[in-house]
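# Geometric and topological summary
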Amino acid sequence: MKKTVLLLVIASFFIIAILPFVFLVGKAFVGKLHILHDLIQLCFSPRTMVLIFNSISIGLGAALLGLLLGVPMGVLISRTDIYFKRVARYLVFLPILIP
């Protein structure tokens, strides 16, 4: 029963999310091979590489900063008996709530 439900979820995801994207990309490139060449040149241009590097470095930096602040705060809240434990527990969730 669980395998059937999982298969149904995967098939639904494929039909709803993946298939329209594949159709759209396929429709864009039918009979237009020069567009594929232009797209490859655009994706591997120096400006695009700089932008990809900046995005990856900012993402890794934010993840590292969150790890360096989150792990000690989690240990502090769960393993110690600090004075404002209840307030600190809610302050941890504040960055998630603020967009």
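See the structure shown above.
Residues numbered from 1 in each chain as written. Predicted model: local features only at pLDDT ≥ 70, side-chain atom pairs only at ≥ 80, totals over all residues. Heavy atoms only, no water.

## As for helix H1 (residues 2-29)
In this model H1 runs 39 Å from its N-terminal to its C-terminal C-alpha over 28 residues, within 8% of the 40 Å that 1.5 Å per residue would give. Of all the bends in H1, the largest measures some 40° and sits at isoleucine 18, one to four residues before the proline proline 20. Little of H1 is tucked away: zero of the 28 residues are buried. (Helix = DSSP H or I, 4+ residues; strand = E, 2+ residues; numbered from the N terminus. Expected span 1.5 Å × (residues − 1). Bend = angle between axes of the 7 residues up to and from the residue. Buried < 20%, exposed > 50% of the residue type's maximum accessible area, 1.4 Å probe, protein only.)

## Points about the packing of aromatic side chains
Evaluated as defined, the whole model comprises one aromatic pair. Each ring, one from tyrosine 83 and one from phenylalanine 84, has its centre 4.6 Å from the other, and the planes form 80°; the classification is edge-to-face. Accessibility assignment for this pair places tyrosine 83 and phenylalanine 84 in one class, exposed. (Phe/Tyr/Trp six-rings, centres within 6.5 Å; stacked < 30°, edge-to-face > 60°.)

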